[in-house]
Amino acid sequence: MTDLSQTIAPKSDQLNADDLIGGPRTIRVTGVSKMRETDQPIAINFEGDGGKPYKPGKSMRRVLVRVWGNDGTAYVGRRMTLYRDDNVQFGGVAVGGIRISHMSDITSAVTMALTVTRANRKPFTVKPLPAEQRRDSDKPAGSPSKGEGSPDGTKQQTTGRDRLYAAAREAAGKGSTALADFRANLTDQQDRALDPILTELERAAERADETDGSPAPDDDRFPGDDELAARGEAV
């Protein structure tokens, strides 16, 4: 197979919608840093980014904060699927932009209202990204294969703490009431296990409450807007 998608990639210092013409891409975050640009203040580096980080627009930053919280350092190691949405508008013209379709560390879909135009908001849904399946050939030497036990004879299991944290973050993303209902159904031991991320959960719930009742913002930028405008090209 001769892959032509690499020959049409735009020249840029960031991931652009044109990079996804060939199809969606699932990335694993390696770092999150602040930028000097006011319209694109965050850069998300990922495995194999080739020096072209993902700089989410305002709408996708709202999605990230709603689903994963406001601590960018916690994003490292997590995964998300990016795709090109041809319906994204800039200046009233459909130019295309980058959207997030799936995210890891959630157990069910999360829906929120995002701005389409200044006077129009529509529901936007992010779905859970299935856990990555490691091939036996990718495992370190001596690691047990699927269905085998660990070297000490015990069976490998996913941790309940990870599942608890993911479910708690999902509930917090729906608001304070949802978080309170979620905690009410936990055992005392499970609730105490949330202590290390309790501040994060409460802040995420507060942001969700504010987002649900906030007026539509004035703008909605997308990665590469300034560069494209300067060149007179579409994303």
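Source: prediction; values computed, not measured.

**Looking at the overall build of the chain**
Part 1 of the argument: Tallying secondary structure elements over the chain gives 6 helices and 8 strands in all.
Part 2 of the argument: The secondary structure elements of the chain, listed N-terminal to C-terminal, are β-β-α-β-β-β-β-β-β-α-α-α-α-α.
Part 3 of the argument: The 235 residues of the chain split such that 39% are buried.
Part 4 of the argument: In the chain, the proportion of contacts linking residues at least 24 apart, taken out of those at least 6 apart, comes to 57%.

**Here we look at the pattern of salt bridges**
Part 1 of the argument: Counted according to the given criterion, the structure contains 10 salt bridges.
Part 2 of the argument: In this structure, Asp19 engages Lys52 in a salt bridge whose closest nitrogen and oxygen atoms are separated by 3.3 Å. A residue pair is termed long-range when its members are at least 10 positions apart, and Asp19 in the segment before β1 (25-34) and Lys52 in the loop between β2 (42-46) and α1 (58-68) qualify at 33 residues.
Part 3 of the argument: Under the relative-accessibility criterion, Asp19 is labelled partly exposed at 23%.
Part 4 of the argument: We classify Lys52 as buried; its relative accessible area is 16%.

**Here we look at a negative patch on the surface**
Part 1 of the argument: Together, Glu202, Glu206, Asp209 and Glu210 make up a region of like negative charge exposed at the surface.
Part 2 of the argument: Its place among the elements puts Glu210 in helix α5 (residues 198-213).

**A short note on the nonpolar core**
Most often, soluble globular proteins have nonpolar side chains that are buried together.
Part 1 of the argument: Of all hydrophobic cores here, the largest spans 25 residues; its most connected members are Tyr54, Val63, Met80, Leu82 and Met103.
Part 2 of the argument: Residue assignment for this core shows that the elements contributing at least two residues are β1, β2, α1, β3 (79-85), β6 (97-103), β7 (110-117) and β8 (120-128).
Part 3 of the argument: Tallying contributions element by element places α1 first for this core, with 5 residues.
Part 4 of the argument: Listed in part, the 14 residues of the second largest apolar core include Tyr165, Ile197, Leu201 and Ala204.

**Description of the pairing of β3**
Part 1 of the argument: Along β3, 5 of the 7 residues are buried, which leaves the element largely enclosed by surrounding structure.
Part 2 of the argument: Bridge count for β1 against β3 is 4 bridges, and the pairing is antiparallel. Each residue of the ladder has a partner; that of Arg28, found in β3, is Arg79.

**A short note on α1**
One full turn of an α-helix is made of 3.6 residues, so residues set three or four places apart face in the same direction.
Part 1 of the argument: Where burial is concerned, most of α1 is hidden: 8 out of the 11 residues are buried.
Part 2 of the argument: Of the residues making up α1, those classed as buried are Ser59, Met60, Arg61, Val63, Leu64, Arg66, Val67 and Trp68.

**Points about the side chain of Arg169**
Part 1 of the argument: Relative to the elements of secondary structure, Arg169 occurs in helix α2 (residues 160-172).
Part 2 of the argument: Excluding anything up to four places from it in sequence, Arg169 contacts Val67, Arg78, Ile197, Glu200 and Leu201.

**Observations concerning the confidence of the model for the chain**
Part 1 of the argument: Chain-level pLDDT for the chain is 79 on average; 70% of the residues reach the 70-or-more range.
Part 2 of the argument: Within the chain, β2 carries the highest mean pLDDT (95), whereas helix α6 (residues 225-231) carries the lowest (52).
Part 3 of the argument: Here residues 146-151 is modelled with pLDDT under 50, and outside its nearest four sequence neighbours on either side it reaches 9 contacts, counting other chains as well.
Part 4 of the argument: Every residue in residues 214-221 is under pLDDT 50, and counting partners more than four places away or in other chains gives 18 contacts.

**Looking at the packing of α2 against helix α3 (residues 176-184)**
Part 1 of the argument: Two numbers describe how α2 lies on α3: the axes approach to 7 Å, and their chain directions differ by 145°. The residues of α3 that touch α2, namely those facing Leu164, Ala167, Ala168, Ala171 and Ala172, are Ala178, Leu179 and Phe182.
Part 2 of the argument: Across the contact of α2 with α3, the residue classes tally to 8 nonpolar, no polar and no charged.

Parameters and conventions
Residues numbered from 1 in each chain as written. Predicted model: local features only at pLDDT ≥ 70, side-chain atom pairs only at ≥ 80, totals over all residues. Heavy atoms only, no water. Helix = DSSP H or I, 4+ residues; strand = E, 2+ residues; numbered from the N terminus. Buried < 20%, exposed > 50% of the residue type's maximum accessible area, 1.4 Å probe, protein only. Contact = heavy atoms within 4.5 Å. Salt bridge = Lys/Arg side-chain N within 4 Å of Asp/Glu carboxyl O. Patch = residues over 30% accessible without salt bridge, like charges linked within 9 Å, V, L, I, M, F, W, Y side chains within 5 Å. Areas by Shrake-Rupley, 256 points an atom, 1.4 Å probe, with all protein chains shown as cover. Lys, Arg positive; Asp, Glu negative; His and termini not counted. Charge placed at Lys NZ, Arg CZ, Asp CG, Glu CD. Core = buried A, V, L, I, M, F, W, Y, C linked by side-chain atoms within 4.5 Å. Pairing = 2+ DSSP bridges. pLDDT = per-residue confidence, 0-100. Axes fitted to C-alpha atoms, helices over the stretch in contact; angles between N-to-C directions. Nonpolar A, V, L, I, M, F, W, Y, C, P; charged D, E, K, R; others polar.

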